[in-house]
Amino acid sequence: MQTTSHGVVLLTRAGCHSCAHAHEVLSEVCREFDVAVTVVDVDEAAAESPDLRAEYGDRVPVVLLDGIEHSYWEVDVPRLRADLAQAGHPKNA
């Protein structure tokens, strides 16, 4: 059985209502698969990673799965569930 661990990152910015909603949805889906969500504010991260804000800042919220853009503006729930399930994460029904 494969036990690949996924890194799920939500790129956000302060005061973004869509980001707050995406965080709620993403947290719920990832909880089903026992996967942690890391939240990164692109503006705060810009001091060390200016490319992050340049690349994703106009599309937040952005979901990264294993460092690859998965969805933006909203969480693609069916696709995320399928990708996490395919990786062998048990779904807590």
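Attention here is on the structure that accompanies the text. (Residues numbered from 1 in each chain as written. Predicted model: local features only at pLDDT ≥ 70, side-chain atom pairs only at ≥ 80, totals over all residues. Heavy atoms only, no water.)

1. Brief notes about the nonpolar core
Right, so step 1: Ranked by size, the top nonpolar core spans 14 residues in total, and within it V8, L26, C30, V75, L80 and L84 carry the most contacts.
Right, so step 2: Counting residues per element, the ones that place at least two in this core are β1 (8–12), α1 (17–32), β3 (62–65) and α4 (77–86).
Right, so step 3: For this core, the leading source of residues is α1, giving four residues.
Right, so step 4: Once residues within four sequence positions are removed from consideration, V75 is found in contact with A22, V25, L26, V63 and L80.
Right, so step 5: In terms of nonpolar packing, the next biggest core, distinct from the first, is built from 10 residues, C19, V42, L52 and L64 among them. (Core = buried A, V, L, I, M, F, W, Y, C linked by side-chain atoms within 4.5 Å. Buried < 20%, exposed > 50% of the residue type's maximum accessible area, 1.4 Å probe, protein only. Helix = DSSP H or I, 4+ residues; strand = E, 2+ residues; numbered from the N terminus. Contact = heavy atoms within 4.5 Å.)

2. Quick word on the pairing of β1
Right, so step 1: Of all five residues in β1, four are buried, a share of seventy percent or more.
Right, so step 2: The sheet contact formed by β1 and strand β2 (residues 37–41) spans five bridges and is parallel. From the neighbouring strand, V8 faces β2, where its bridge partner is V37.
Right, so step 3: Following the backbone out of β1, through α1 and into the adjacent parallel β2, one traces a crossover that is right-handed. (Pairing = 2+ DSSP bridges. Right-handed = clockwise from strand over helix to strand, strands pointing away.)

3. Comments concerning the side chain of R59
Right, so step 1: With respect to the helices and strands, the residue R59 is situated in the loop between α3 (50–56) and β3.
Right, so step 2: Setting aside residues up to four positions removed in sequence, R59 forms contacts with E69, Y72 and W73.

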